Amino acid sequence: MADERAERIAEFIGPLRVKPGSKVNLGRDFDPRYKADLKKRDGIELLRTGVSLLAEYQERLAAQDTYGVLLCLQALDAGGKDGTIRHVMSGVNPQGVRVSSFKVPSSEELDHDYLWRYVQRLPRRGEIAIFNRSHYEEVLVVRVHPENLVRQKLPHDARGPDVWDRRYREINNWERYLTDNGFKVVKIFLNMSKEEQRTRFLKRIDLPEKNWKFSAADVRERRRWDDYQHAFSEMLSATSTKWAPWFVVPADRKWFARICAAAILAHTLMDIDPQYPEVGEAARKDLLATRRDLEREAPAGAPADPYADRHPSAPRATGRRDRPKKKRG
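What you are looking at is a predicted structure, and each value in this text was computed from that prediction instead of being measured. What you see as residue numbers is a count from 1 along each chain, following the sequence as written. Selection of residues for local features in this predicted model requires a pLDDT of at least 70, selection of side-chain atom pairs for listing and counting requires 80 or more, and totals for whole chains, interfaces and linings are taken over all residues. Only hydrogens and water are set aside; all other atoms, that is, all heavy atoms of the structure, feed into the side-chain values.

> In this structure, what is going on with the sheet that holds strand β3 (residues 128–132)? I would like to understand it.
Strand pairing in a sheet is mediated by backbone hydrogen bonds. Such pairs are either parallel or antiparallel. Overall, parallel pairing links the 5 strands, which are arranged β2-β3-β1-β4-β5 in an open sheet. Edge positions in the sheet fall to β2 (97–101) and β5 (246–250), since each of these pairs with one other strand and no more. Put simply, the sheet's adjacent strands are angled 20 degrees from each other on average, direction ignored. We call two strands paired when DSSP finds no fewer than two bridges between them. In this description a helix means any DSSP run of H or I spanning at least four residues, a strand means any run of E spanning at least two, and both kinds are numbered starting from the N terminus. Pairing geometry for strand β4 (residues 183–191) and β5, over 5 bridges, is parallel. Bridge pairing in β5 links Ile188 to Phe247. Each axis is a line fitted through C-alpha atoms, and for a helix only the stretch in contact is used; angles between axes span 0 to 180 degrees, taken between their N-to-C directions.

> How should the layout of surface pockets be read in this particular structure?
Unfilled space is identified by rolling a water-sized probe across the atoms. With a 1 Å grid laid over protein atoms only, a set of points is called a cavity when a 1.4 Å probe fits there but cannot get out and a pocket when it is open yet has protein on both sides within 12 Å along at least five of seven lines; lining residues have an atom within 4 Å of a point. Grid points are joined across faces, edges and corners, and a volume is the space filled by probe spheres set on the points. The computed volume of the largest pocket comes to approximately 1300 Å³. Lining the largest pocket are 49 residues, and of these Asp77, Lys81, Lys103, Arg133 and Asp218 lie nearest its centre. At 5 residues, the largest contribution of residues to the lining of the largest pocket is made by helix α11 (residues 216–222). The class makeup of the residues in the lining of the largest pocket is 16 nonpolar, 11 polar and 22 charged. Amino acid classes used here: Ala, Val, Leu, Ile, Met, Phe, Trp, Tyr, Cys and Pro are nonpolar; Asp, Glu, Lys and Arg are charged; the rest, including Gly, are polar.

> Help me understand helix α13 (residues 254–272), please; the structure alone is not making it clear to me.
For the α-helix, the turn length of 3.6 residues means that residues three or four positions removed from each other point alike. Every helix has an expected span of 1.5 Å times one less than the residues it contains. For α13, spanning 19 residues, the distance from its first C-alpha to its last is 27 Å, which sits close to the expected 27 Å at 1.5 Å a residue. For every residue, the accessible area (1.4 Å probe, protein chains only) is compared with the maximum for its type, and the residue is labelled buried under 20%, exposed over 50%, or partly exposed between those bounds. Counting buried positions over the 19 residues of α13 gives 17, a clear majority of the element.

> Please clarify how helix α9 (residues 163–180) should be interpreted in this entry.
With 18 residues, α9 extends 26 Å from end C-alpha to end C-alpha; this agrees with the ideal 26 Å at 1.5 Å per step. Of all the residues in α9, the buried ones are Val163, Trp164, Arg166, Arg167, Tyr168, Ile171, Asn172, Trp174, Glu175, Leu178 and Thr179. Whether two residues are in contact is decided by their heavy atoms, any of which lying within 4.5 Å being enough. Contacts made by the buried residues of α9 are with α6 (116–119), α7 (141–144), α8 (147–151), β4 and α12 (225–239). Just downstream of α9 lies Gly182, where phi reads positive at about 95 degrees.

> Got a minute to help me understand empty space enclosed by the protein in this structure?
Scanning all chains against the criterion turns up 2 cavities of 30 Å³ or more. In this structure, the largest cavity encloses a volume near 50 Å³. Lining of the largest cavity is provided by Leu71, Leu73, Thr84, Ile85, Val88, Met89, Ile130, Ile188, Ala261 and Leu265. Listed by contribution, the elements that provide at least two residues to the lining of the largest cavity are β1 (68–75), α4 (81–88) and α13. At 3 residues, α4 tops the list of elements feeding residues into the lining of the largest cavity. Broken down by class, the residue content of the lining of the largest cavity amounts to 9 nonpolar, 1 polar and no charged. If you add up the space inside the second largest cavity, you get close to 40 Å³. Take the lining of the second largest cavity: its biggest share by element is 3 residues, from α13. Along the lines of polarity and charge, the residues of the lining of the second largest cavity split into 2 nonpolar, 3 polar and 3 charged.

> How do you make sense of the environment of Arg151 when you look at a structure like this?
Examined against the element boundaries, Arg151 turns out to sit in helix α8. By relative accessible area, Arg151 is classed as partly exposed at 38%. Between the C-alpha atom of Arg151 and that of Pro105, which follows or precedes it by 46 residues, the distance is 9.6 Å. Other than its neighbours up to four places away in sequence, Arg151 contacts Val104, Pro105 and Leu110.

> It is not clear to me how the nonpolar core should be interpreted in this structure. Could you clarify?
To form a nonpolar core, buried Ala, Val, Leu, Ile, Met, Phe, Trp, Tyr and Cys residues must be joined to one another through side-chain atoms within 4.5 Å. Ranked by size, the top nonpolar core spans 81 residues in total, and within it Met89, Met235 and Leu236 carry the most contacts. Those residues within four positions of Met235 in sequence are excluded, and the remaining contacts are Tyr136, Val139, Leu140, Tyr168, Ser240 and Trp246.

> Help me understand the pattern of salt bridges, please; the structure alone is not making it clear to me.
Opposite charge on two side chains makes pairing possible when the charged atoms of those side chains draw close. What makes a salt bridge here is a side-chain nitrogen of Lys or Arg within 4 Å of a carboxyl oxygen of Asp or Glu, nothing more. Evaluation of the coordinates by the stated rule reveals 23 salt bridges. Of the charged contacts, one joins Glu45 and Arg48 as a salt bridge, the two residues approaching to 2.4 Å between their closest N and O atoms. You can see Glu45 and its partner Arg48 sitting in helix α3 (residues 40–64), 3 residues apart, about one turn around the helix. For the salt bridge of Lys187 with Glu175, the shortest nitrogen-to-oxygen distance reads 2.9 Å. Linking Lys187 in strand β4 with Glu175 in helix α9, this pair joins segments that are 12 residues apart in sequence. Here Lys187 and Glu175 have matching classes, each one buried. Among the ionic contacts, a cluster of salt bridges with common partners joins Glu56, Arg60 and Asp273.

Right, dumping it as C-alpha cells:
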C-alpha cells in the first residue's frame, strides 16, 4: 500500500486492533469514550473522506471481480450497528453491498449446523457483505444463554464444557478458509459503556419517533451485562487472528465510531488494492471502432469526444467536429 492515505489510516486504526494471541479484558484494555484527540467538527470531514475512499475502492473491487469482503459487526443492544452501516456505506453503489441481519434462528436453520445460515449470506466476488450481528452470536448469546445449545439439537456429548473452545477453533478455521479463497474478513466490535446504553434506552422511551426501537427484552438482557463482557473478552482473545483480526471501536460517541468503521473498511479495501481489468487487443480495436462511429455523430460545434481532453490516456483526442457550412446562393 504505497498510497500515503493508507499509511495514515493504518496508523489511525492501529490502537483499535486486537493483537492476535493477546488476552483481552474489555474493561481494562479498551475505553468506550476514546476519541484519538479528535473534535466532532473535524470528524465530519474525516468521515466524508472515508466514505469517498470506500466508493472509489468498492467500484474497483466490483470491476476486478476477484475478491470479496465480509464485514462482521457486533455490539450489545443500542450499540449503533444500524447507524454505522447507514452512514459508512452512504456513498457506495448499493448493487455491490449486501446487508444481512441475523435474528433468532428459524426451525429450518436449527436443522442445520450452526454456521449454515451464515454461509448462505456470504459475499460474492466483487461484493461487500455486511453481517449485522454474525456467526459470533454463536459464542456470545448462546454462551450467555447455554439453553440455546439444546434448541440447536446438538448431541449431548457436543454440549460439554469444551464447546466454546471448539467453536472458536472452528470459526478461526472457517475464516482462514474464506481468506485463502479471496474473501477478506474484517470484524468490528462497537464497544459501548453500560451508562451510554442506559441513556440510549431512555432516549428510545422518551422520544416518540424512537419508541419503535425499544424492546423490554433488551433491557432484561442488560441484566447480564457482566456475562456479556466476559463472553466478548473471551471471544476477542480467541478469534482475533492475523488473517481475520478484530477491531474494538469506541462507540460511546457515534460520530467517532462511524469514522473508525469507515477507516477500517477502507483500509481493508486498500490492502486488497483492486485494479480495473485491462481489455485485450481485440476488445481494444472494437472500442476504437465504436469510438470513431460515436465521434461522427457529434452535433455541429460540439467536441467529438468531450472526455478525451480530460483523460490524456484516451486512445486519441480528435478535437471538435464541425459540420460543413452550406453554400449560399
